[in-house]
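Next come the chains, spelled out residue by residue.
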Amino acid sequence: MLKILVCVSGGGTNLQAIIDGIACGEITNARIVRVISNNRNAYALERAGAAGIDACCVSPKEYADREQFHEAFLQAVEEKEPDLIVLAGFLVVLPEKMIQNYRNRIINIHPSLIPSFCGKGYYGLKVHEKVLERGVKVTGATVHFVDEGTDTGPIIFQKAVMVEEKDTPESLQKRVMEQAEWQILPRAIDAIANGRVRIEDGKAWLLK
Ligand code: GRF
């Protein structure tokens, strides 16, 4: 059974999609062993608590410097010996050591079709603002493995969402979550938990 550790910063609707996916059998062969937030007030922590999942906060504000924060964060991860780390709206740059130690075992959900509207500065509502500014007609979400770059790792799943003329960043964010993020994140976890994802030459492929 795949041991998943989920990192969050905010509302935790993607975390909820994973919790629900496991509960209803959409995700099999996996369980969440811990939720870590960098933000003590994240509603995601309440969601974890309500589901009876071990949850903790490791906030950079509570450490003298970045190095000490990274050390505490890594310890909170390693304690649980996870097989897969899921960044579900996690707004912290990971320690490099963690990326090396968990190569091809960390995934992230990004609210656009990578390589559009991604990279440094593209997070949260900003992504959707840029999408509307550019006037593209199709956007979506991507689940990818995490490497040293920003949103550059192998892509596992993508799903497109149509942009509508009357969209605001908020309405688009909501639709991308409902129509794409909450669907492809559980699907990607299920595929990994059941050995259906293969990585070759820096690309991820889904086995039938
Ligand atoms: C999502 O849009 C996700 O794609 C992005 O951050 C947001 C997190 O939302 N990385 P939530 O905390 O899962 O509700």
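None of these values were measured; they are calculated from a predicted model.

Draft legend 1. Highlighting the pattern of salt bridges. What the rule picks out here adds up to ten salt bridges. The salt bridge partner of glutamate 164 is lysine 166, with a shortest N-O separation of 2.6 Å. Owing to a relative accessible area of 34%, glutamate 164 belongs among the partly exposed residues under this scheme. Taking relative accessible area as the criterion, lysine 166 reaches 66% and is therefore assigned exposed. Between glutamate 178 and lysine 174 there is a salt bridge, with the nearest N and O atoms lying 3.0 Å from each other. Linking glutamate 178 with lysine 174, this pair stays in helix H6 (residues 169–193), spanning four residues, or about one helical turn. The class for glutamate 178 is partly exposed, based on a relative accessible area of 33%. By sharing partners, the salt bridges in this structure join Glu164, Lys166, Asp167 and Arg175 into a single network.

Draft legend 2. The arrangement of the environment of valine 92 in detail. Here valine 92 shows up in the loop between strand S4 (84–87) and helix H4 (96–101). A C-alpha to C-alpha distance of 21 Å links valine 92 and isoleucine 189, two positions 97 residues apart in sequence.

Draft legend 3. View of the packing of aromatic side chains. Counted by the stated rule, this structure contains four aromatic pairs. Note on phenylalanine 73 and phenylalanine 90: the rings are 5.6 Å apart at their centroids and 15 degrees apart in plane angle, and the pair reads as stacked. Pair noted here: phenylalanine 73 is in helix H3 (residues 66–78) and phenylalanine 90 is in the loop between S4 and H4, with a separation of 17 residues, a long-range link. Phenylalanine 73 sits in the buried class, given a relative accessible area of 2%. Note on phenylalanine 90: relative accessible area 9%, which makes it buried. Each ring, one from phenylalanine 117 and one from tyrosine 122, has its centre 6.5 Å from the other, and the planes form 65 degrees; the classification is edge-to-face. The class for phenylalanine 117 is buried, based on a relative accessible area of 16%. Pairwise contacts between aromatic rings join Tyr63, Phe69, Phe73 and Phe90 into one cluster.

Draft legend 4. Molecular detail of the packing of helix H1 (residues 13–23) against H6. Running from amino to carboxyl end, H1 crosses H6 at an angle of 50 degrees, the nearest separation of the two axes being 9 Å. If you check the angle between H1 and H6, you find them oblique. For the element pair H1 and H6, the recorded crossing hand is right-handed. Counting all contacts with H1, which are made through Thr13, Asn14, Ala17 and Ile18, the residues of H6 involved are Met177, Glu181, Trp182, Leu185, Pro186 and Ile189. Taken together, the residues of the contact of H1 with H6 sort by class into seven nonpolar, two polar and one charged.

What counts, and where the lines are drawn
Residues numbered from 1 in each chain as written. Predicted model: local features only at pLDDT ≥ 70, side-chain atom pairs only at ≥ 80, totals over all residues. Heavy atoms only, no water. Salt bridge = Lys/Arg side-chain N within 4 Å of Asp/Glu carboxyl O. Buried < 20%, exposed > 50% of the residue type's maximum accessible area, 1.4 Å probe, protein only. Helix = DSSP H or I, 4+ residues; strand = E, 2+ residues; numbered from the N terminus. Phe/Tyr/Trp six-rings, centres within 6.5 Å; stacked < 30°, edge-to-face > 60°. Axes fitted to C-alpha atoms, helices over the stretch in contact; angles between N-to-C directions. Parallel < 35°, antiparallel > 145°, perpendicular 65-115°, else oblique. Left-handed = near helix turned anticlockwise from the far one by under 90°. Contact = heavy atoms within 4.5 Å. Nonpolar A, V, L, I, M, F, W, Y, C, P; charged D, E, K, R; others polar.

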